[in-house]
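Each chain, letter by letter, is given below.
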Amino acid sequence: MSEASRDIIGLYDDYVMPTYARQPVAFVRGEGCYLYDAEGNACLDFITGLSVNILGHCHPAVVAAVQRQVAELGHVSNLYHTRPGGELARLISRNSLGGKVFFSNSGAEANECAIKLARKFGRDSGDAAGAYGRHRIVVLENGFHGRTMATLTATAQPAKQEPFRPLLPGFTYVPFNDTAALEAAMGDDVCAVMLEPVQGEGGVYPLTQEFVDAARRLTREKGALLIFDEVQTGMGRTGTLFAYEHYGVEPDVMTLAKGLGGGMPIGATVAAPEYSQVLSAGLHGSTFGGGPVACAAGVAVFGELLAPGFLESVRKKGNYMQSQLMELAADGLVVEVRGRGLMWAVELTAAAAPDGAGAAAAAEANGTAPAAAVVSAALEQGIILNNTSPTTLRFLPPLTVEMDMIDRVMDFLHGALAGPSA
Ligand SMILES: Cc1ncc(COP(=O)(O)O)c(C=O)c1O
């Protein structure tokens, strides 16, 4: 490791809270599908900042939009209007639910807004039981919606929640893809069902068509909102602009972040027209939300995603990646392949549990973490991968990835999983 790397890592050791298990690498530059460390080594990025750099690093359209905007007008408070915010809201609305948008700075904040919108909607509907009327929000076990207290409460993963109890009241957890449990949870006090169409941090678990259909039907019957958290699945990641398109089911509210800014921090909550006035003046806000620089980046990202053939190429590359991952399964090197578009996971050992917890617990009990070993081995060979559990490898390549890059990662996986280190 060079002096430059040691220096950067030392600063983190001394001054940054230890909330992440960081790899011993310092990146200083990014270009396309590659990151470069302080020694100048190129690393093929198959995580993309956890689905943020969807156009790769420093995409020229994003860089130009940001440079232009920051030199012209960097920040204006939300007491006023700016063109990039209006234009990005129009792009999101016209390409999704047709209603209005609230801008924030992250996925958790986008979901926080959706939760507040649902609570206010429930309060306004005024026909339900209890002191707070229709206020309960139903979420799925193994989901991930963020780290603020409300979104952590919505994140039904006990290990993440436990140190911070007591959580917020008014959330109910149902098992993933369990239609009967969802139906049973839909009391008169439910104001919303919130879910990820494909659970991302939980290990890339897609919802079944039957479950999504049931969620849509039950929320309609009960007068509750259906909220899709597309923070990770949105912006082309699954091969369509938004993952709900695969199911032919439109939610009432959708949240976005990650890829929306192509590397700039931004979150967005979009509501269908009939719910676009629920949050009126003074009920919600964010100092930085909807700032012109982040929104200009978002407009540039949309420009690329909507270019003719772009999403089709994502689907084509996604199908290729799936076929390659299935070969790993056919060779007995992985036990399950899950995902869609360019969002994939493989299960390395043990029978995959529906909630991802069984295999992880089994590996932990055995004192093994094969996925972490593969991630470290990949990094040594200049490939950036991620594991969501001790047994689950996740792949989130840039949507601009090329076939030969997929081949390189597959070659690595064949070697690493067949070899003794895995
Ligand atoms: C589906 C989903 N929702 C919400 C979040 C939280 O986003 P952020 O870290 O930007 O707050 C994430 C982050 O991984 C996510 O994957």
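Residues numbered from 1 in each chain as written. Predicted model: local features only at pLDDT ≥ 70, side-chain atom pairs only at ≥ 80, totals over all residues. Heavy atoms only, no water.

1. Some thoughts on the environment of Leu399
Position of Leu399 among the secondary structure elements: in the loop between strand E17 (392–395) and helix H15 (403–418). Residues Leu399 and Phe310, spaced 89 residues apart in sequence, show a C-alpha to C-alpha distance of 8.8 Å. Non-local contacts of Leu399, meaning those with residues more than four positions away in its chain, are made with Ile54, Met235, Gly236, Arg237, Leu305, Phe310, Val314, Lys317 and Leu342. (Helix = DSSP H or I, 4+ residues; strand = E, 2+ residues; numbered from the N terminus. Contact = heavy atoms within 4.5 Å.)

2. A few points about the domain arrangement of the protein
As assigned here, the protein comprises domain 1 (3–59 + 309–418) and domain 2 (61–305). Spacing between the C-alpha centres of domain 1 and domain 2 amounts to 26 Å. Across the boundary between the two partners, domain 1 contributes 33 residues, which contact 31 residues of domain 2. When domain 1 packs against domain 2, close to 2700 Å² is buried across both sides, 59% of that on carbon and sulfur atoms. For domain 1, the biggest contributors to the area lost against domain 2 are His59, Arg340 and Met343; these three give 26% of the whole. The salt bridge partner of Arg394 is Glu201, with a shortest N-O separation of 2.7 Å. Run the count over domain 1 and domain 2 and you get 16 residue pairs in polar contact (both at pLDDT 80 or more). (Domains from an automatic or database assignment. Buried area = accessible area lost by both parts, 1.4 Å probe. Salt bridge = Lys/Arg side-chain N within 4 Å of Asp/Glu carboxyl O. Polar contact = N/O pair within 3.5 Å; in protein donor to acceptor, adjacent residues only side chain to side chain.)

3. Concerning the nonpolar core
Ranked by size, the top nonpolar core spans 105 residues in total, and within it Phe46, Leu325, Leu385, Phe395 and Leu413 carry the most contacts. Top element by residues in this core is helix H11 (residues 292–305). It accounts for nine residues. In terms of domain composition, this core takes at least three residues from each of domain 1 (3–59 + 309–418) and domain 2 (61–305). In this structure, Leu385 is in contact with Phe46, Ile47, Val374, Val375, Ala378, Phe395, Val409, Phe412 and Leu413, ignoring residues within four places of it in sequence. (Core = buried A, V, L, I, M, F, W, Y, C linked by side-chain atoms within 4.5 Å. Buried < 20%, exposed > 50% of the residue type's maximum accessible area, 1.4 Å probe, protein only.)

4. A look at unusual backbone geometry
Look at the link from Arg165 to Pro166: it is a cis peptide, with omega at 5 degrees. For Pro166, the location among the structural elements is in the loop between helix H7 (158–161) and strand E6 (171–174). Phi is positive for Ser51, which is not a glycine, with a value near 75 degrees. The buried category is assigned to Ser51, whose relative accessible area is 1%.

5. Here we look at the side chain of Arg338
Structurally, Arg338 is set in strand E13 (residues 336–340). Polar side-chain contacts of Arg338 include one of 3.0 Å to the backbone oxygen of Val204. A distance of 2.9 Å separates the side chain of Arg338 from the side chain of Glu347, its partner in a polar contact.

6. Focus: the site of the ligand
If you check the shell around the ligand, you find 13 residues, and the closest are Gly107, Ala108, Asp229, Gln232 and Lys258. Between Gly107 and the ligand, the recorded distance is 2.8 Å, taken from a backbone N or O atom to an oxygen atom. Here Lys258 contributes a side-chain N or O atom positioned 3.1 Å from an oxygen atom of the ligand. When the free accessible area of the ligand is taken as 390 Å², the share hidden by the protein chains comes to 81%. Top contributing element to the shell around the ligand by residue count: helix H5 (residues 107–125), with three residues. Residues of the shell around the ligand, tallied by class, amount to three nonpolar, six polar and four charged. (Near = heavy atom within 4 Å. Areas by Shrake-Rupley, 256 points an atom, 1.4 Å probe, with all protein chains shown as cover. Nonpolar A, V, L, I, M, F, W, Y, C, P; charged D, E, K, R; others polar.)

7. Quick look at the packing of aromatic side chains
All chains considered together, the criterion is met by three aromatic pairs. Judged by centre distance (5.9 Å) and plane angle (75 degrees), the ring pair of Phe176 and Tyr205 falls under edge-to-face. On the criterion of sequence distance, the pair formed by Phe176 in the loop between E6 and helix H8 (179–185) and Tyr205 in strand E9 (residues 205–206) is long-range, its members being 29 residues apart. Pair check on accessibility: Phe176 and Tyr205 agree, each one buried. Above the plane of the ring of Tyr247 lies Arg340, whose end atom (NZ or CZ) is 5.8 Å from the centre. (Phe/Tyr/Trp six-rings, centres within 6.5 Å; stacked < 30°, edge-to-face > 60°. Lys NZ or Arg CZ within 6 Å of the ring centre and 35° of its normal.)

8. Looking at the environment of Thr255
Within the secondary structure layout, Thr255 lies in strand E11 (residues 253–256). Overall, Thr255 belongs to the buried group, its relative accessible area being 0%. Remark: the alpha-carbon pair of Thr255 and Phe288, spanning 33 residues in sequence, is separated by 17 Å. Every residue in contact with Thr255, bar those within four places of it in the chain, is listed here: Ala110, Asn111, Ala114, Phe228, Asp229, Glu230, Val231, Ala268 and Thr269.

9. Regarding the confidence of the model for the protein
For the protein, the average pLDDT comes to 94, and 94% of its residues sit at 70 or higher. The element-level mean pLDDT for the protein is lowest in helix H13 (residues 357–365), coming to 51, with E11 highest at 99. Counting interchain partners and residues more than four positions distant, the pLDDT-below-50 stretch residues 351–359 has 16 contacts. (pLDDT = per-residue confidence, 0-100.)

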